[in-house]
Every structure is written in structure tokens, then in C-alpha cells.
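Below, each chain spelled out in residue letters.
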Amino acid sequence: MPIQDQASDLLQTQAFPELAEAIRKRSERIMDRWEKVVRETLPRADKLPAAQLRDHLPQILDLIATALETQPEYKLIGTTLTHGARRFHVHYDLQTVIIEFRLLRRVLVEELSEALGNMLTADEVIALGMGVDIALQESVTGFLEHQQAKLGAATEAEAKYLAFLSHDLRNNLNSVMLTLEVLGHDLAGAPQFAERAEDVAAAQQAIRDTVSGMSLLLQAEQVRKGTMEPKREVLDLHTVAAQVVKQAQPQATKKGVNLSLAMPQEQAVVNSDRGLIGLILQNLVGNAVKYSPSGSTVTVEAQPPTEGHEEGWALSVADQGPGITNERRLSAPFVRGETHGEQGAGLGLSIVHEASALLGARVAVDSKPGVGTVFRVALPAEG
């Protein structure tokens, strides 16, 4: 019979009055020893006052004794649920809660062996362990319930904030942009206000950067939460890439960067998600243009699948920029490499990796400092 089942049977069919009596007689000594060993073992516990550290321990010991004496182990549930919740509120982690109960089990075995003047029998050890396990299980349940409630509240607040970003704030900023555009047009015809016209243009660019950053944040959150589930359809990669290149052209023109699209029309056909592939290319092309010097070229390509390989069509974006010195960390959100004076939130490559994972695609990067970087996204083979 498994030990867990054996323990459950013991507490249901057999009483251990000597253990129960020993727990009650030595409860203060048990708590003192437990408090000492917990403070020595757990740094977080050492910061708590005695009353807060012991919390429900007197009631838990009494209920373990009652369970050993008359088998009503269910009485442990309410008290230990509350104990777990309290531990959450004093900023314990789950591992610390578990260690506390492991230490309690050790102290109980040692103290009761001494109190009874002999080593505990196997049945006594199993029954005592079962009492502690019930308390631990319910304490962990209470801890997790409060943790889940807190996470739920945080998620709800985050959703409201993102909804505000995506709707109200962007709408208000777009209204400001229109006003600034009219103002800039009026000032452009008056030489005496040339400096003011430059200030207006700078304000417009700041708003564009803000809106772009908010869009990246929203995209990253949608991809992370899996709300952008792949919707597969037959699509031409050239058509999707051409649209992305067209959108990036104003930024490239402003920087003096050449954009080149090198992929066959009506041949690079895949069964994939148009939105996710577009999102991947937008971030890769946007980054490539951002970090490319004037006069350089950013090339967007598609390579056909190689026979005998598990991968299908591969998209690549190559630049002639400064290169990346540490590619491994750049898939993490808000992590940026050498910025070379460019602003950004560090979300672009994180979005690329998350979106690629949703498609089952593999991302690879080849970069040489001072030469340039190539990002390659290999889509899964079809069929």
C-alpha cells in the first residue's frame, strides 16, 4: 500500500493519544525550537516579530493533536487556509511556506521521541507526518488562492490601462497631432516664425514616437497573452512584405536609407497568419532602418524551402548597421543592446520572437560589429 494511502487510513482508523498528549505538553517547547530553527534557516522569517512568525502555529499544533487523538483531521483545514493567506501578506514565497512545515515536522519528531523516551514507531511517524501534510496542503492552498486573487486584480488593472492606452490616449494624441500639423503649416509661410515651426515639428515627432511606443507595448502584450492566435490563410509573402516596406519608406527616406525588396512575386506562397508575419516584418524592418546609417541599404528577402529540410520559406531582413554584440539577450522584453543614440522601448525583438513562436517559426541572427545584421525567420514546412 502506498505510504500516502497508509497514512490516510491511519488517521481514519487509529488514534494516537500518547502523541496527542505529548504535543500538548510540549507545545511551547516545540514552538520555541521551531521559531529558532526557522529564523536560522529562513532570512525572511528572521525579520518577523514572534507573534507574526508563530501566527496560527498554536492552533495548528492543537488541531494536529486532536487529529491524532480522535481522527477529525478535517478541522485542520480552516485554520491552515488562513495561515497560508497570512504568509502571503507578509511577502513569503511558496518555497518558504513549504520549508516552514518541513522544519515543523522535524522538530515534532525529535521532541516527541524525547518526550516518549523512545524512537517513534513507523505508524506514529506516518500519522504525525500526515497531520503536518494536511496542514501544509491547506496552507499552500490558502497562499495560492490569495496569490491568484492578487494576480487577477493586477491583470484587470493592466487590461484597463492598456485599453486606455489603445483608445483614449491615442485618440487624444492624434487630435493634438492634427492641431500641430495645421499650426506648422501656418508657421511655415512666415519666416519670422521659423524657429517656432521647428519646435512644432519636434513636438510632432515626439508624439509620433510616443504613439509608436504605445503600439509596440500593446502588440507585445497581445502576443504575450496569446490573444493574437494564428489565423492561417494562403498568402503571398511578397504582398505582405511590400506593404511593410511601403509603411517604412518615410522613415527610411528621412534617414537616407535605401529599402530593397528581393523576393519573387506570386511564388513565395505560404499558409500562415498575415497579421503575425506583418508584425514580425514591421519590427525587423523598423529596427533595421532605425540603426542603419545614411547611404546604407536594408534588404528584405524570402528564400524558398530547401528540399529535405523541416523548414519552409524563410524571411530575412539584412542591414548594414553597427551590428549587435550580444544577440542572446535581445529576445527579452525591455532589453536593449547598444542603442547608438537611438530611442526605443526594447520591445521590437521580443515581439518578433513571441510572434514567431506562435507561428512555429525559428528566429536566427547573424551579426558582425561594424558590418551589419541579418535576422532570419524560418517558417515551418507545410504539408
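Conventions we followed
- Residues numbered from 1 in each chain as written.
- Predicted model: local features only at pLDDT ≥ 70, side-chain atom pairs only at ≥ 80, totals over all residues.
- Heavy atoms only, no water.
- Helix = DSSP H or I, 4+ residues; strand = E, 2+ residues; numbered from the N terminus.
- Buried < 20%, exposed > 50% of the residue type's maximum accessible area, 1.4 Å probe, protein only.
- Contact = heavy atoms within 4.5 Å.
- Areas by Shrake-Rupley, 256 points an atom, 1.4 Å probe, with all protein chains shown as cover.
- Expected span 1.5 Å × (residues − 1).
- Salt bridge = Lys/Arg side-chain N within 4 Å of Asp/Glu carboxyl O.
- Axes fitted to C-alpha atoms, helices over the stretch in contact; angles between N-to-C directions.
- Parallel < 35°, antiparallel > 145°, perpendicular 65-115°, else oblique.
- Nonpolar A, V, L, I, M, F, W, Y, C, P; charged D, E, K, R; others polar.
- Pairing = 2+ DSSP bridges.
- Core = buried A, V, L, I, M, F, W, Y, C linked by side-chain atoms within 4.5 Å.
- pLDDT = per-residue confidence, 0-100.
- Left-handed = near helix turned anticlockwise from the far one by under 90°.

**Quick notes on the overall build of the chain**
Thinking step 1. When helices and strands are tallied, the chain shows 13 helices and seven strands.
Thinking step 2. When the 383 residues of the chain are sorted by exposure, 42% land in the buried category.
Thinking step 3. Within the chain, contacts between residues separated by at least 24 positions form 73% of all contacts whose residues are at least 6 apart in sequence.
Thinking step 4. Just so you have it, the chain exposes about 20800 Å², and 53% of that area is on carbon and sulfur atoms.

**Some points on helix H3 (residues 27–41)**
Thinking step 1. With 15 residues, H3 should reach 21 Å at 1.5 Å per residue; the first-to-last C-alpha distance of 21 Å fits that figure.
Thinking step 2. Residues of H3 that are buried include every one of Ile-30, Met-31, Trp-34, Glu-35, Val-37, Val-38 and Arg-39, and no others.

**Comments concerning the pattern of salt bridges**
Thinking step 1. Counted under the stated rule, the structure contains 17 salt bridges.
Thinking step 2. Ionic pairing is found between Arg-54 and Glu-28, a salt bridge with its closest N-O pair at 3.6 Å. Taken together, the residues span a long stretch of sequence, with Arg-54 in helix H5 (residues 50–54) and Glu-28 in helix H3 at a distance of 26 residues.
Thinking step 3. Take Glu-28: its relative accessible area is 48%, and that puts it in the partly exposed class.
Thinking step 4. Between Glu-311 and Arg-376 there is a salt bridge whose closest N-O contact spans 3.8 Å. Residue Glu-311 is found in strand E5 (residues 311–319), and its partner Arg-376 is found in strand E7 (residues 372–380); the two are separated by 65 residues along the sequence.

**Overview of the packing of helix H2 (residues 17–25) against helix H8 (residues 94–116)**
Thinking step 1. As a packed pair, H2 and H8 sit with axes 10 Å apart at the nearest point and diverge in direction by 105 degrees. As the angle between them shows, H2 and H8 are arranged roughly perpendicular. Facing Glu-18, Leu-19, Ala-22 and Ile-23 of H2, the residues of H8 in contact are Leu-108, Leu-112, Ala-115 and Leu-116.
Thinking step 2. Its residues assigned to classes, the contact of H2 with H8 comprises seven nonpolar, no polar and one charged.

**Things to note about the side chain of Ser-113**
Thinking step 1. Mapped onto the secondary structure, Ser-113 falls in helix H8.
Thinking step 2. Once residues within four sequence positions are removed from consideration, Ser-113 is found in contact with Asn-118, Met-119 and Leu-120.

**Focus on the sheet that holds E7**
Thinking step 1. Spatially, five strands are ordered E2-E4-E5-E7-E6 in an open sheet, and the strand pairing comes out mixed. The sheet is open, and its two borders are formed by strand E2 (258–262) and strand E6 (362–368), each paired with just one other strand. Adjacent strand axes in the sheet meet at a mean angle of 10 degrees, parallel and antiparallel pairs treated alike.
Thinking step 2. In this sheet, E7 lies alongside E5 in antiparallel orientation, the contact comprising seven bridges. Note that in E7 the partner of Ser-316 across the bridge is Arg-376.
Thinking step 3. Across the sheet, helix H11 (residues 237–255) touches E2, strand E4 (297–303), E5 and E7, and the angle it forms with E2 is around 175 degrees.
Thinking step 4. Helix H13 (residues 348–359) contacts E6 and E7 of the sheet and is inclined by roughly 20 degrees relative to E7.

**Here's the deal with the side chain of Ser-292**
Thinking step 1. In this structure, Ser-292 sits in the loop between helix H12 (274–291) and E4.
Thinking step 2. The exposure class assigned to Ser-292 is buried, which follows from its relative accessible area of 2%.

**Topic: the nonpolar core**
Thinking step 1. Counting 37 residues, the largest nonpolar core has Ile-23 and Leu-68 as the members making the most contacts within it.
Thinking step 2. For this core, the elements supplying multiple residues, two or more each, are H2, H3, helix H6 (57–70), H8 and helix H9 (122–188).
Thinking step 3. Counting 36 residues, the second largest nonpolar core, distinct from the first, contains Leu-281, Ala-302, Ala-355 and Leu-359.

**Focus: the confidence of the model for the chain**
Thinking step 1. This prediction gives the chain a mean pLDDT of 78; 77% of its residues lie at or above 70.
Thinking step 2. Segment residues 1–8 is flagged for pLDDT under 50; beyond a separation of four residues in sequence, or across chains, it makes eight contacts in the model.
Thinking step 3. For residues 339–345, every residue scores under 50 in pLDDT, and the model assigns this stretch 15 contacts once sequence neighbours within four places are set aside.

**Section: the environment of Asp-55**
Thinking step 1. Relative to the elements of secondary structure, Asp-55 occurs in the loop between H5 and H6.
Thinking step 2. A relative accessible area of 17% means that Asp-55 is categorised as buried.
Thinking step 3. Remark: the alpha-carbon pair of Asp-55 and Arg-87, spanning 32 residues in sequence, is separated by 9.0 Å.
Thinking step 4. Look past the residues within four positions of Asp-55 in its chain and what remains in contact with it is His-83, Arg-86 and Arg-87.

**Here we look at H8**
For an α-helix the count is 3.6 residues per turn, leaving residues at separations of three or four pointing the same way.
Thinking step 1. With 23 residues, H8 should reach 33 Å at 1.5 Å per residue; the first-to-last C-alpha distance of 33 Å fits that figure.
Thinking step 2. Of the residues trailing H8, Gly-117 is marked for its positive phi of about 75 degrees.

**Looking at the environment of Val-240**
Thinking step 1. Among the structural elements, Val-240 can be located in helix H11.
Thinking step 2. Taking C-alpha positions, Val-240 is 7.7 Å from Ile-277, a pair spaced 37 residues apart along the chain.
Thinking step 3. Look past the residues within four positions of Val-240 in its chain and what remains in contact with it is Leu-235, Arg-274, Ile-277, Gly-278 and Leu-281.

**Remarks on the packing of H2 against H6**
Thinking step 1. As a packed pair, H2 and H6 sit with axes 7 Å apart at the nearest point and diverge in direction by 165 degrees. The orientation of H2 relative to H6 falls into the category roughly antiparallel. As H2 runs across H6, the sense of the crossing is left-handed. On H6, the residues touching Pro-17, Leu-19, Ala-20, Ile-23 and Arg-24 of H2 are Leu-61, Asp-62, Ile-64, Ala-65, Thr-66, Leu-68 and Glu-69.
Thinking step 2. Looking at side-chain class alone, the contact of H2 with H6 contains eight nonpolar, one polar and three charged residues.

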